[in-house]
Amino acid sequence: MTTVETATGSAKTMVLNMGPQHPSTHGVLRILLELDGETVLNAVPDLGYLHTGIEKSCEDKTYSQAITLTDRMDYLNPLGNNLAYCLAVEKLLGLEIPKRAQYIRVMMVELQRISSHLVWLGTHAIDMGAMSVFLYCFREREEILKIFEMFSGQRMMTSYIRIGGVALQPPTGWRAAIERFLKMMPSRVDEYEALLTENRIWIGRLKGVGVVSSRDAVAYSMTGPTLRAAGLAYDNRKVFPYSSYQEFKFDVPTRMESDCYARYLVRVAEIRESLKIVEQAMAKITDEGAIKTDAPGIVPPEREKMKTEMEALIYHFKIFTEGFSPPPGEAYVAVESPRGELGCFIASDGSPKPLRVHFRSPSYINLQALPKIVEGQLLSDVIACIGTIDIVLGEVDR
Amino acid sequence: MTESPSPTSGVVVETLRAWNPKAIAEVIEYRGETTIVVPRELLRATATQCRENAKLHFNLLTDATCVDRYPVEPRFELNYQLVSISCRDTVRLRTRLDGQNPVVDSLVAVWPGANWLEREIFDLFGVRFTGHPDLRRILLPDNWEGHPLRKDFPVEGHRDTPVSRDMFKKSAPL
């Protein structure tokens, strides 16, 4: 740590380079901090270390091929990314999805939300110096990943949600597995809260730290738990419902304090709300029924049909060689990811490959408020602020 | 997923038309989404109106992105996705820019959240925003040549161009 000359720095201030390999940045984020003693005067995030050009790659793939790319953006929320992308393509095509498939999607996405919040809670607790919570959170996350493996064969990059429905029928014994999880989870959330909520160190590190007013939060386009912790009950599942969310009963937890501690409380409350939604979805999913919409030429035919019917074989061949062409036009769909509004904008020019695919990633947008949040805070609080914004760098850089 | 057009979209168009008839060049309704095409010169004024007018109150700019329609001119299409939290409404503002001089007023003064969105568009499309406080590349290295999301930029990059040696040496200015 040496004093360096900078454009804004004076003799009194010091510039500290944080990252890109700092463990608490949860990926490869670099922040240049201008410090006066321990107080942050200015912060300049530097990103792009994980930029892989996913949006450009999507333009060179057919609509169904791009699904696997979406898995890899926000790697803690692959199913949510699949959902945003598939909903946007379906909107372009004007496809109606069977109710059963919609409920399966909701159930999977809510399980994903719980697992994402668990990773957040565990890693944030480590950042704040509480090692054990991390181990407990990952123990429960493992159970969710096992459920994903049961449904799709993959633990993380599931690509389970497809254009027109979901990839596979729910496997044998899925109800028992999810019921077991639902039975276990509430007491486990109580355990985390017992460890943290009243913990003096936890409160000391988070309460009153990183306050952002609701006016600023909206002005900086923040969404998700960060906005809800500032007192605004803005949740896409309620405001612009998609995938039949209007049929589910759940609350949108909000807090007024708008500090790091409020964001923690909102996320823990969201885990409990998601458990409610999973339970309702499970009751709504019937044992038999369609998981894909009947749209020949868009949704691949079943293996059985492909072997016996000529049309099915032709459609199969056409989908996997040429793809399908939505009519020219644009569609924007926003879903509520664990981090905020995840939007997918697709422009079609009537060809089998999209003209433009854009992802409005919540981490990227929420991160831009970081300099505003950490201004005047202590250096150690920067870590708490980054943590509670909950960024995933894979999604920030895309 | 066919939806009826949002009930308030007529109000948005009428209110804007009453404010300045020239502000609306075209209204596109597609799949339940309303897109209002705005002339380039009036973009900032219209955006300010969308935010400040009590009837509209589009206080949240959720997304901004660009579409390159090369070789059609005007090739660039900027799309701003606005949300009114109080009215539960959403609308898209669009403006078209030609390839020769892709310059448009920055909306950072209207929504501070437009900052990184515009930097991303500048970085990947080369559209310049006048009045932007900090128009630097954001995802790519500062000395990257070209704008990769343009349609005339090959998907695999310019293979024959040697990568400049000090590409990763220069740090971002503070």
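Structure: above.
Okay, so let's go over this structure. (Residues numbered from 1 in each chain as written. Chains lettered and ligands numbered in written order. Predicted model: local features only at pLDDT ≥ 70, side-chain atom pairs only at ≥ 80, totals over all residues. Heavy atoms only, no water.)

## Observations concerning the overall build of chain A
Helices and strands together make up the secondary structure of chain A, namely 17 helices and 8 strands. Against the globule reference of 21 Å for 398 residues, chain A gives a C-alpha radius of gyration of 22 Å, in line with a compact fold. Seen along its three principal axes, the alpha-carbon backbone of chain A occupies a region of about 80 × 45 × 35 Å. Residues counted as buried form 62% of the 398 residues belonging to chain A. Across chain A, every contact between residues at least 6 apart in sequence was considered, and the portion connecting residues at least 24 apart equals 70%. Total accessible area on chain A is roughly 14,900 Å²; 54% of this is exposed by carbon and sulfur atoms. Within chain A, the 49 negative side-chain charges are centred at a point lying 2 Å from the centre of the 44 positive side-chain charges. (Helix = DSSP H or I, 4+ residues; strand = E, 2+ residues; numbered from the N terminus. Rg over C-alpha atoms; globule rule 2.2 N^0.38 Å. Buried < 20%, exposed > 50% of the residue type's maximum accessible area, 1.4 Å probe, protein only. Contact = heavy atoms within 4.5 Å. Areas by Shrake-Rupley, 256 points an atom, 1.4 Å probe, with all protein chains shown as cover. Lys, Arg positive; Asp, Glu negative; His and termini not counted. Charge placed at Lys NZ, Arg CZ, Asp CG, Glu CD.)

## What about the sheet that holds strand 3 (residues 39-46) of chain A?
Residue and element names in this part refer to chain A. In space, the 3 strands of this open sheet follow the order 1-2-3, with antiparallel pairing throughout. Strands at the two margins of the open sheet, each flanked by one partner only, are strand 1 (14-18) and strand 3. Neighbouring strand axes in the sheet, compared pairwise and without regard to direction, differ in orientation by 20° on average. Relative to strand 2 (residues 30-36), strand 1 runs antiparallel, the two sharing 5 bridges. Within strand 2, the position partnered with Met-14 by the bridge is Leu-35. (Pairing = 2+ DSSP bridges. Axes fitted to C-alpha atoms, helices over the stretch in contact; angles between N-to-C directions.)

## A look at helix 13 (residues 310-321) of chain A
Over its 12 residues, helix 13 of chain A runs 17 Å from end to end, which matches the ideal 16 Å to within 8%, given 1.5 Å per residue. Positive backbone phi, approximately 90°, marks A:Gly323, located one or two places after helix 13 of chain A. (Expected span 1.5 Å × (residues − 1).)

## Re the environment of B:Thr15
Counting through the fold element by element, B:Thr15 comes out in helix 1 (residues 9-19). It is 9.4 Å that separates the C-alpha atoms of B:Thr15 and B:Gln49, two residues lying 34 residues apart in sequence.

## Section: unusual backbone geometry
Across the junction of B:Tyr70 and B:Pro71, the peptide omega takes the value 5°, indicating a cis bond. Within the element layout of this structure, B:Pro71 appears in the loop between strand 3 (60-68) and strand 4 (76-84). Going from B:Glu73 to B:Pro74, the amide bond is cis rather than trans, its omega being -5°. Within the fold, B:Pro74 resides in the loop between strand 3 and strand 4. You will see that A:Ser243, though not glycine, has its phi angle at about 45°, which is positive. The class for A:Ser243 is buried, based on a relative accessible area of 6%. The phi angle at B:His57 is positive, at roughly 55°, despite the residue not being glycine. Considering the arrangement of structural elements, one finds B:His57 in the loop between helix 2 (43-52) and strand 3.

## Some points on the interface of chain A and chain B
Contact with chain A, which involves 56 residues of that partner, is made by 50 residues of chain B. Each partner contributes to the roughly 4,600 Å² buried at the junction of chain A and chain B, and carbon and sulfur atoms together form 59% of this total. Along the contact surface separating chain A from chain B lie 5 salt bridges. We note a salt bridge from A:Arg398 to B:Glu120, for which the minimum N-O separation is 3.1 Å. Summed over the shared surface of chain A and chain B, the number is 23 residue pairs in polar contact (both at pLDDT 80 or more). For the side of chain A that touches chain B, the class distribution of residues is 30 nonpolar, 10 polar and 16 charged. (Buried area = accessible area lost by both parts, 1.4 Å probe. Salt bridge = Lys/Arg side-chain N within 4 Å of Asp/Glu carboxyl O. Polar contact = N/O pair within 3.5 Å; in protein donor to acceptor, adjacent residues only side chain to side chain. Nonpolar A, V, L, I, M, F, W, Y, C, P; charged D, E, K, R; others polar.)

## Focus: the packing of aromatic side chains
Residue and element names in this part refer to chain A. Here the structure, examined in full by the defined rule, presents 13 aromatic pairs over all chains. Relative to Phe-324, the ring of Tyr-63 has its centre 5.8 Å away and its plane inclined at 20°; by these criteria the two rings are stacked. Highlighted residues: Tyr-63 in the loop between helix 1 (54-59) and helix 2 (67-71) and Phe-324 in the loop between helix 13 and strand 6 (329-337), separated in sequence by 261 residues. Here Tyr-63 matches Phe-324 in class, with each residue buried. On the basis of an interplanar angle of 40° and a centroid distance of 6.4 Å, the ring pair of Tyr-85 and Phe-359 is categorised as tilted. Linking Tyr-85 in helix 3 (residues 78-93) with Phe-359 in strand 8 (residues 356-360), this pair joins segments that are 274 residues apart in sequence. Taken together, the aromatic side chains of Tyr-103, Tyr-242, Tyr-245, Phe-248 and Phe-250 make up a single cluster linked through ring pairs. Against the face of Phe-250 rests Lys-238, its NZ or CZ located 4.2 Å from the ring centre. A cation over a ring is seen here: Lys-284 above Phe-248, with NZ or CZ 5.3 Å from the ring centre. (Phe/Tyr/Trp six-rings, centres within 6.5 Å; stacked < 30°, edge-to-face > 60°. Lys NZ or Arg CZ within 6 Å of the ring centre and 35° of its normal.)

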